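Results of the structural survey
The chain contents come next:
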Amino acid sequence: MALLQIAEPGMSTAPHQHRLAVGIDLGTTNSLVATVRSGIPEVLSDEDGRQLLPSVVRYLANGNANIGHKAQAHQTTDPKNTVVSVKRFMGRGLKDIAHAENLPYDFVDGDREGGHGMVQIRTVAGIKSPVETSAQILATLRQRAEDSLGDELVGAVITVPAYFDDAQRQATKDAAQLAGINVLRLLSEPTAAAIAYGLDHAKEGVYAVYDLGGGTFDISILKLSKGVFEVLSTGGDSALGGDDFDHRLFCWIMEQAKLAPLSHQDTATLMVKARQAKEQLSTNDETTIEAILKSGELVQVTITAHTFAEITRHLVGKTMNAIRKAMRDADVSVEDVDGVVMVGGATRMPHVRRAVSEFFHTIPHANIDPDKVVALGAAIQANLLAGNRAEGDDWLLLDVTPLSLGIETMGGLVEKIIPRNSTIPCARAQEFTTFKDGQTALAVHVVQGERELVSDCRSLARFELRGIPPMAAGAARIRVTYQVDADGLLSVAARETRSGVEASITVKPSYGLGDDEVARMLQDSYSSAQGDMQMRALREEQVEAERILLATQSALESDADLLGVAEQAALAGLVQGVRDAVQGSNDTSIEPGVRQDALHAAVQALAKGTEEFAARRMDKSVRKALAGKSLDEV
Ligand code: AMP
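Fair warning: this is a prediction, and the values are worked out from it, not measured in the lab.

With respect to the domain arrangement of the chain
By the assigned domains, the chain splits into domain 1 (21–241 + 314–399), domain 2 (401–509 + 516–527) and domain 3 (532–625). Here the C-alpha centre of domain 3 lies 58 Å away from the C-alpha centre of domain 1.

Okay, structure coming up:
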């Protein structure tokens with residue numbers, strides 16, 4: 001029984017009253033806030049006219065903090081207290097952070113220090129969590145918005161990468177709450193970019209969003225149908241971006257100028273020049289790099305756009321490989337793609353655009369500033385959710401669950417309740433029952449993953465439903481409901497239908513899964529599918545064996561007198577046969593299929609051997625029920 005409900009997070013409002021809402025692109029390097037004014041989306045500036053807010057927070061000894069440009073200026077002089085790229089730490093444990101040892105921070109392991117699993121950073125102003133640091137950035141953007149709009153905000157749409165999991169999304173929401181922002185919803189970044197280009201009003205079909213920033217590359221395949229966006233697949237490379245083009249150009253300059261290995265300072269100087277040259281080559285056919293090294297040596301090299309494209313071709317090629325993979329995952333071909341959107345500063349490079357255009361046989365959408373497109377799309381969506389909708393703007397935006405969500409059943413098996421790639425928000429319910437007579441509590445174990453055994457999946461949460469009235473095994477009806485809201489957060493509720501006892505939990509996993517981890521879990525599930533099915537069949541047989549042993553034991557306790565001595569001995573032999581087979585079924589040196597067959601035979605023998613006993617017990621209970629009653633009463 002599956003209940004699927006789609007709830008729109010929009011809210012009603014008084015007519016003709018414009019409610020102030022913003023879209024926030026909470027980026028790894030820079031963040032932006034945008035709004036819709038007079039029907040036109042625009043990015044809001046600070047008092048100095050700057051639109052980008054560096055996502056940098058510097059903590060000070062007096063307990064205060066600098067945020068944005070001021071903090072960024074101290075990145076090299078006070079690295080320990082200047083937190084950059086905090087987005088990478090959101091909803092993450094210390095062990096999830098790649099190359100943590102190379103970062104300048106004094107990390108505090110959240111598992112040990114009450115950070116609910118999330119890593120924290122020790123600063124001069126005390127221990128700070130990624131949520132607090134992100135909240136500082138969000139609060140700055142909120143202040144900027146309220147200052148420029150002249151009123152309080154109704155709420156904000158905040159963008160997150162499409163692959164962000166529950167923990168990362170929840171951390172983002174917590175940060176917004178701490179910053180005093182009402183989150184209208186979290187929106188995936190590629191979906192926001194597609195909205196900025198008005199693709200939600202375009203023809204139904206498949207769209208690709210190519211996002212090449214300074215340090216990361218993301219590709220997302222979206223499907224638009226009936227006005228609804230769905231993320232079909234995501235992919236990319238978290239260590240590929242515009243910085244790699246700078247680095248390649250830097251190496252080329254070194255070769256051309258025949259330079260010996262440089263000092264740190266000279267390297268930094270030349271890297272800055274390389275970056276400037278790269279950016280100039282987006283609009284010029286050639287440029288000259290000039291730098292004076294500390295030794296006084298002058299470096300002067302000219303490069304054409306053509307040469308730059310040649311020496312960085314392999315980097316563009318890497319992004320193409322990631323696109324192919326994402327398209328395979330989404331099961332779409334180039335012909336299926338109706339449009340492509342370019343996001344991220346590095347997509348300004350003409351040879352990148354050309355490669356994307358040739359790959360998809362279409363001119364990509366690139367006329368909106370690729371640094372602002374996500375914030376602008378979020379602003380459009382925020383405007384609608386705040387109730388400032390135009391006629392016909394009644395669409396929904398949907399994402400999907402990256403991995404299946406399930407529950408542990410007897411035998412350590414997983415019953416999937418919400419399958420992977422389900423469009424969210426969604427809710428599904430399934431009925432379960434008790435295993436033992438008189439069982440009054442039920443342990444609910446929520447797991448995530450594609451494998452058949454709980455031990456191979458990720459444990460998300462556990463809770464108990466208590467107070468179930470004592471009943472025979474299998475008589476209780478426990479309805480378990482899984483609900484994933486628009487932001488990907490999972491609530492699980494269990495309810496015994498007769499008594500109405502209930503228990504529930506909202507899953508806020510202690511730390512998140514990276515997209516690499518998701519990919520690994522999927523890969524494992526494909527390669528282990530056959531073995532998993534065999535193990536599942538064996539575990540099911542073991543559960544059945546336990547069930548029949550319990551039932552036989554309970555029947556013998558109450559009605560052994562219905563059997564003769566020889567019958568009792570025969571039954572004891574069959575029971576022992578099942579017990580031996582259960583023990584044998586744990587012998588991992590034997591194939592699971594063979595173990596299952598042996599156990600199945602013993603269980604069947606016991607089931608057959610107890611048929612007569614069950615019939616006599618039935619007669620006895622009927623006689624008991626009828627005893628002393630007249631025919632009329634019956
Ligand atoms: P983002 O992370 O989206 O802000 O992108 C930053 C990257 O975009 C950096 O590598 C920049 O050097 C690069 N970028 C910005 N402007 C240009 C340009 N005009 N041409 C090439 N790359 C650019």
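Some thoughts on the packing of aromatic side chains
All told, the structure shown has 6 aromatic pairs when counted by the stated rule. The interplanar angle of 80 degrees and the centroid separation of 6.1 Å between the aromatic rings of Phe89 and Tyr105 together place this pair among those described as edge-to-face. With Phe89 in the loop between strand S7 (82–84) and strand S8 (106–108) and Tyr105 in the loop between S7 and S8, the pair connects residues that are 16 residues apart, well separated along the chain. By the ring-pair criterion, three or more aromatic residues cluster together here, those being Phe89, Tyr105 and Phe107. A cation over a ring is seen here: Arg617 above Phe613, with NZ or CZ 6.0 Å from the ring centre.

Focus: the pattern of salt bridges
Within this structure, the stated rule accounts for 28 salt bridges. Close ionic contact of Asp48 with Arg50 constitutes a salt bridge, the shortest N to O distance being 3.2 Å. As a salt-bridge pair, Arg58 and Asp78 come within 2.9 Å of each other at their nearest N and O atoms. In this pair, Arg58 sits in strand S5 (residues 56–59) while Asp78 sits in the loop between helix H1 (69–72) and S7, placing the two residues 20 residues apart along the sequence. When its relative accessible area of 16% is taken as the criterion, Arg58 is described as buried. One network of salt bridges, with partners in common, ties together Arg348, Asp369, Asp371 and Lys372.

Rules of the game
Residues numbered from 1 in each chain as written. Predicted model: local features only at pLDDT ≥ 70, side-chain atom pairs only at ≥ 80, totals over all residues. Heavy atoms only, no water. Domains from an automatic or database assignment. Phe/Tyr/Trp six-rings, centres within 6.5 Å; stacked < 30°, edge-to-face > 60°. Helix = DSSP H or I, 4+ residues; strand = E, 2+ residues; numbered from the N terminus. Lys NZ or Arg CZ within 6 Å of the ring centre and 35° of its normal. Salt bridge = Lys/Arg side-chain N within 4 Å of Asp/Glu carboxyl O. Buried < 20%, exposed > 50% of the residue type's maximum accessible area, 1.4 Å probe, protein only.

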